[in-house]
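Residue strings, one per chain:
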Amino acid sequence: MTKILSQIWVVIVMNITSIGQRIWMSLAAIFAVAVVVAVLLSFLAMTEGFSKTLEGSGSNTVAIVTRSGSQSELNSVLSRETINIVTTAPGIAKDANGDPIYSPELYVIVDGIKKTSGTEVNLPMRGISSVGFELRDQVSITSGRMFETGKNEIIVGEGVLREFAGFELGTTVRFGKTEWEVVGTFSTGGNAFESELWADAPTLQSQFQRGSSFQTIRVLLETPDDVSGMAEMVENDPRLFLDVVTEADYFAQQGEALNGIVIFGWVISIFMSVGALAGALNTMYTSVANRAGEIATLRAIGFSNTSAFFGTLAESIVLSVIGGFVGAMASYLFMDGLSASTLGASFTQVVFKFELTTDLFINGAFLALGIGLIGGIFPAARAARLPVIVAFRGAN
């Protein structure tokens, strides 16, 4: 056994140190694997960043109430009467005066211009109260001040400021026939709320002619994750046709829409992997052909078939690992932290950042190893089965 391991090690070292003699074919194989890994990681980084943006938006201490069957806040409509009934439900936390802590919110769409493309997009504008502001975790005014009640004033999320033109502090923006002054900017720690414009809810209702209706209610729960009291009341009251979930569950459902993009990324990568496999196979078959004389000599002096097999396989894996590393570094340098926006469930833009995690790098490493293993195993088998006399003829 020791002799075989020693032979394998000698052949592996010999093959790897002679890669420079096959430099262009080797570089082609490395490039093919690098492209495949970079594409896969870019897709996964996009979905990871988008998912984390949505997951970070939801709290398990807050419940969100929408009209039953609404796929998004935009599709929901709640009357003032409904809100008055829901806020009497058990399980809602009370303030020092014994009043339920809740925030009825209006959600409308306004126009924005994307900085990168200059195209017109939909942006969400939310009408909230001071309670709604306090229900958001990590929220803070980063410049300027909070809007005043009764005035056409808005505060702008950091994501909107970063991705869309015309929302700088102190500017006046026009939506339809109304003008709004940007009096502040806010951050919510990078979650989806940073993709929104916030204004005083009654003022927004008046300017957008929404009467007394809202889209959603957010309530602070007495016990985190427990919406059973509210859900039971909604189920037993024939006047209510509502869905009640925690905010965390609501945004998790919104994030499931990205599963299709994840699958698409893997499908594209697998198709591209076929090309990378072809490159790896070509490189390794060429390597075996170029080293026919070496293989014959080694076999003639007593080296086993096994050493020829593992030596060739190791070369393929090393080239793929290098390609995977190059692809991962390219993806990290150009994609990690990149800010972008895409259409969310409410047909409005959600600003997010590409995020490469350790788990994603591991996925890329497995893909590179798979290409190296499959791309090397057949040429390795050929090297192991190559008769000595044929190898000598090939070398000549």
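As a reminder, the structure under discussion sits directly above these lines.
None of these values were measured; they are calculated from a predicted model. (Residues numbered from 1 in each chain as written. Predicted model: local features only at pLDDT ≥ 70, side-chain atom pairs only at ≥ 80, totals over all residues. Heavy atoms only, no water.)

K.L.:
So what about empty space enclosed by the protein? Which residues, and what values?
P.N.:
Inspection of every chain in the model, using the stated rule, returns one cavity of 30 Å³ or more. Approximately 60 Å³ is the volume attributed to the largest cavity. Val-11, Ile-295, Leu-298, Ser-307 and Ala-308 are, among the 10 residues lining the largest cavity, the residues nearest its centre. The element best represented in the lining of the largest cavity is helix α10 (residues 292-300), accounting for three residues. For the lining of the largest cavity, the class distribution of residues is six nonpolar, two polar and two charged. (1 Å grid on protein atoms, 1.4 Å probe; cavity = no way out; pocket = protein on both sides within 12 Å on 5 of 7 lines; lining within 4 Å. Points joined across faces, edges and corners; volume = space filled by probe spheres on them. Helix = DSSP H or I, 4+ residues; strand = E, 2+ residues; numbered from the N terminus. Nonpolar A, V, L, I, M, F, W, Y, C, P; charged D, E, K, R; others polar.)

K.L.:
Describe the side chain of Thr-203, with residues and values.
P.N.:
When you line up the elements, Thr-203 lands in helix α6 (residues 201-207). Leave out the neighbours within four places in its chain, and Thr-203 touches Gly-150, Lys-151, Asn-152 and Trp-180. (Contact = heavy atoms within 4.5 Å.)

K.L.:
How would you summarise a nonpolar patch on the surface if you had to cite specific residues and measurements?
P.N.:
Together, Ile-322, Phe-325, Val-326, Met-329, Tyr-332, Leu-333 and Phe-334 line one region of the surface with nonpolar side chains, adding up to about 730 Å² of accessible area. Of the residues examined, Ile-322 reaches a relative accessible area of 39% and is grouped as partly exposed. (Patch = residues over 30% accessible without salt bridge, like charges linked within 9 Å, V, L, I, M, F, W, Y side chains within 5 Å. Areas by Shrake-Rupley, 256 points an atom, 1.4 Å probe, with all protein chains shown as cover. Salt bridge = Lys/Arg side-chain N within 4 Å of Asp/Glu carboxyl O. Buried < 20%, exposed > 50% of the residue type's maximum accessible area, 1.4 Å probe, protein only.)

K.L.:
Describe the side chain of Thr-188, with residues and values.
P.N.:
Examined against the element boundaries, Thr-188 turns out to sit in the loop between β8 (178-187) and β9 (197-200). Given the relative accessible area of 1%, Thr-188 is considered buried. With residues up to four places along the chain from it excluded, the contact list for Thr-188 reads Asp-137, Gln-138, Val-139, Phe-193, Glu-194 and Trp-198.

K.L.:
Break down the packing of aromatic side chains for me, citing the residues and quoting the values.
P.N.:
Summed over all chains, the structure comprises seven aromatic pairs. Taking 4.1 Å as the distance between ring centres and 20° as the angle between the ring planes, the aromatic pair formed by Phe-186 and Trp-198 counts as stacked. Of this pair, Phe-186 sits in strand β8 while Trp-198 sits in strand β9, placing them 12 residues apart in sequence. No difference in accessibility class separates Phe-186 from Trp-198, as the two residues are buried. With 5.7 Å between their ring centres and 85° between their planes, Phe-193 and Phe-251 make a pair best called edge-to-face. Highlighted residues: Phe-193 in the loop between β8 and β9 and Phe-251 in helix α8 (residues 247-255), separated in sequence by 58 residues. Judged by its relative accessible area of 7%, Phe-251 falls in the buried class. Three or more aromatic residues joined by ring pairs form one cluster here, namely Phe-133, Phe-186, Phe-193, Trp-198, Tyr-250 and Phe-251. (Phe/Tyr/Trp six-rings, centres within 6.5 Å; stacked < 30°, edge-to-face > 60°.)

K.L.:
Hey, could you go over the nonpolar core for me, with residue numbers and the actual values?
P.N.:
Ile-155 and Trp-198 are the most contacted members of the largest nonpolar core, which totals 34 residues. Breaking this core down by element, the ones donating at least two residues are α2 (23-55), β8, α8, α11 (305-335), β13 (349-353) and α12 (358-385). At nine residues, the largest contribution of residues to this core is made by α2. Among residues more than four places away in sequence, those in contact with Trp-198 are Arg-126, Ile-128, Phe-133, Arg-136, Val-139, Phe-147, Glu-153, Ile-154, Ile-155, Phe-186, Thr-188 and Phe-193. Core analysis: the second largest hydrophobic core is formed by 20 residues, Leu-78, Val-219, Met-230 and Met-233 among them. (Core = buried A, V, L, I, M, F, W, Y, C linked by side-chain atoms within 4.5 Å.)

K.L.:
So, helix α1 (residues 2-17): which residues are in play, and what are the values?
P.N.:
Between the first and last C-alpha of α1 there are 22 Å, a value that for 16 residues agrees with the 22 Å anticipated at 1.5 Å per step. Taken together, the buried positions of α1 are occupied by Gln-7, Ile-8, Val-11, Ile-12 and Asn-15. An end-on view of α1 places all buried positions within 135° of arc, on one side of the element. Among the exposed residues of α1, those oriented more than 90 degrees off its buried face are Thr-2, Lys-3, Leu-5, Trp-9 and Thr-17. (Expected span 1.5 Å × (residues − 1). Arc of directions from axis to C-beta.)

K.L.:
Describe unusual backbone geometry, listing the residues and the values that go with them.
P.N.:
Phi is positive for Gln-209, which is not a glycine, with a value near 55°. As for its position among the elements, Gln-209 is in the loop between α6 and β10 (216-220). If you check the backbone angles, Asp-225 has positive phi at about 75° while not being a glycine.

K.L.:
Please provide a residue-by-residue account of the layout of surface pockets, values included.
P.N.:
There is about 180 Å³ of room inside the second largest pocket. Lining the second largest pocket are 14 residues, and of these Thr-53, Arg-162, Gly-190, Phe-352 and Lys-353 lie nearest its centre. When contributions to the lining of the second largest pocket are tallied by element, the ones reaching two or more residues are α2, α5 (158-163) and β13. Looking at side-chain class alone, the lining of the second largest pocket contains three nonpolar, six polar and five charged residues.

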